[in-house]
Amino acid sequence: MPSRRTPQQTPHHAPHRAHDHTPHRASLRTPRRTSRLSRAAQVLGLLALSGIAAELLAAYAESTGDVGAVAFSVVFFGALYGAPALLARDLVRRLGWGWPSLLVLFAALGVVQACLIDQSLFAADYLDYDGWVENREPTLIAALGISGSNAYSFLVGHLIFSFAAPTALAESWAPRRARTPWLGPVGTVLAVLAYLLAAALILGDPESHSGSAAQLLGAGAVVLVLLVLAALLGSARRRNDAVRHDGAQDHGAFGGGADRRAEETALSGESAQGRDAVGRRIPLWLVVVGGLVAGLVPDFLPPTWGGLALSTAVTAALGAGILLMARRADWTVRHAAAVGLGLLLERGLLAFTYFPLAGEVGAAAKYGHNIVMLVVVLLAGTLVLLPQQHEQQRSH
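Scope of this entry: the structure provided in the associated data block. (Residues numbered from 1 in each chain as written. Predicted model: local features only at pLDDT ≥ 70, side-chain atom pairs only at ≥ 80, totals over all residues. Heavy atoms only, no water.)

A few words now on the overall build of the chain. A tally of regular secondary structure across the chain gives 14 helices and two strands. A separation of at least 24 residues holds for 79% of the contacts in the chain among residues at least 6 apart in sequence. A total of about 20200 Å² of accessible surface is found on the chain, and carbon and sulfur atoms cover 67% of it. (Helix = DSSP H or I, 4+ residues; strand = E, 2+ residues; numbered from the N terminus. Contact = heavy atoms within 4.5 Å. Areas by Shrake-Rupley, 256 points an atom, 1.4 Å probe, with all protein chains shown as cover.)

On to the packing of aromatic side chains. Under the criterion given, the structure shown has 12 aromatic pairs. Where Y81 meets F163, the ring centres are 6.2 Å apart and the plane angle is 65 degrees; that geometry is what we call edge-to-face. With Y81 in helix α3 (residues 67–95) and F163 in helix α6 (residues 148–172), the pair connects residues that are 82 residues apart, well separated along the chain. In terms of burial, Y81 and F163 fall into one category: buried. Arranged with centres 6.4 Å apart and planes meeting at 70 degrees, the rings of W99 and F106 form a pair that is edge-to-face. On the accessibility criterion, F106 (0% relative accessible area) is buried. Linked through ring pairs, F72, F76, F77, Y81, W99, F106 and F163 together constitute an aromatic cluster. In this structure, R89 is placed above the aromatic ring of W182, and the distance from its NZ or CZ to the ring centre is 3.8 Å. Positioned above the aromatic ring of Y354, the side-chain terminus of K366 is 5.7 Å from the ring centre. (Phe/Tyr/Trp six-rings, centres within 6.5 Å; stacked < 30°, edge-to-face > 60°. Buried < 20%, exposed > 50% of the residue type's maximum accessible area, 1.4 Å probe, protein only. Lys NZ or Arg CZ within 6 Å of the ring centre and 35° of its normal.)

Moving on to the packing of helix α11 (residues 284–299) against helix α12 (residues 305–325). Packing of α11 against α12 leaves a shortest axis separation of 9 Å and a crossing angle of 170 degrees. Accordingly, the angle class assigned to the pair α11 and α12 is roughly antiparallel. Along its contact with α11, which presents A294, V297 and P298, the element α12 presents S311, V314, T315 and L318. Here the residues of the contact of α11 with α12 are counted per class, giving five nonpolar, two polar and no charged. (Axes fitted to C-alpha atoms, helices over the stretch in contact; angles between N-to-C directions. Parallel < 35°, antiparallel > 145°, perpendicular 65-115°, else oblique. Nonpolar A, V, L, I, M, F, W, Y, C, P; charged D, E, K, R; others polar.)

Further remarks concern the environment of E134. Among the secondary structure elements, E134 is positioned in helix α5 (residues 132–136). For the pair E134 and P303, spaced 169 residues apart in sequence, the C-alpha separation works out to 8.4 Å.

Written out as structure tokens, the structure is:
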């Protein structure tokens, strides 16, 4: 944005205000147009990154390395995962909720995907993938018809890779818009239609009819509980925000107002203290490494009850650590994105160690695919790691 201190605002140029008015208004059009284009790029970036992180980055399917199939998959999986991620994010931002509510909504979307759309969690064998039975049987809960190990892999995997990590990265590309909705009415309708169409195509596949009526009803009940939990967390967040706002108004000149203004400037990154605090922050590279390690440990554990317990503990520790660090004044949108970047890097690097679980894919196509997907993640994370000119918005 150009400086807001224009010649019209100085006493010396006051007589020329009428003459300068029209050019000044015209000068504001370019930044506004740039902002719209930047927001559109954010939306498209999230759509693509969600599809890539959810499916293509792991490089487990027979389409691995097939340029045409990969191009189609980016669009299709962008609709299947990116569109609901955008819708959930916009809902949370419009209602004034925070990341806890958003994560719960993402968990609900993961249940919808794994239990109601592709129904892979209920499948005894799915798309002839190698190792499916061997991974499912050790933790099979016969009464429910699901595997504990698969439940962790699918539900936590969707929560992190399909939705949360791509969203955190996309918000970090323009931190000033991290708390604002990105979609207008037309964009919202298009996102809903894209999601419904992609989901309908999956449901049309006979392989996606594994769940019994009881299993589908149970999954629907879990989704409902998660939606209620997200609303409760969001309402509590709004009440807390209202209390802080009322407290600042009540104290006014007695110090509360000054404290509130200091908090607001610190959050937006406009204060000198905020700029000075950059050097004291948790290093972003350390956060990336933490996310990478937290993703790596579960992937090397066996699909047994012991492995499941340890995997759950590691993921829970990561979540608790993020919640704890998010209370610090120096935890920002970029730090939240750095966690997601570490997790995505782990998934992309691990994909180099195995061949697709279905079909015959040559080594050149397989490793070329791995490299391209990893480069996409690195490019998406570049804006997270690059030094910023000023303090960024906090992550909530």
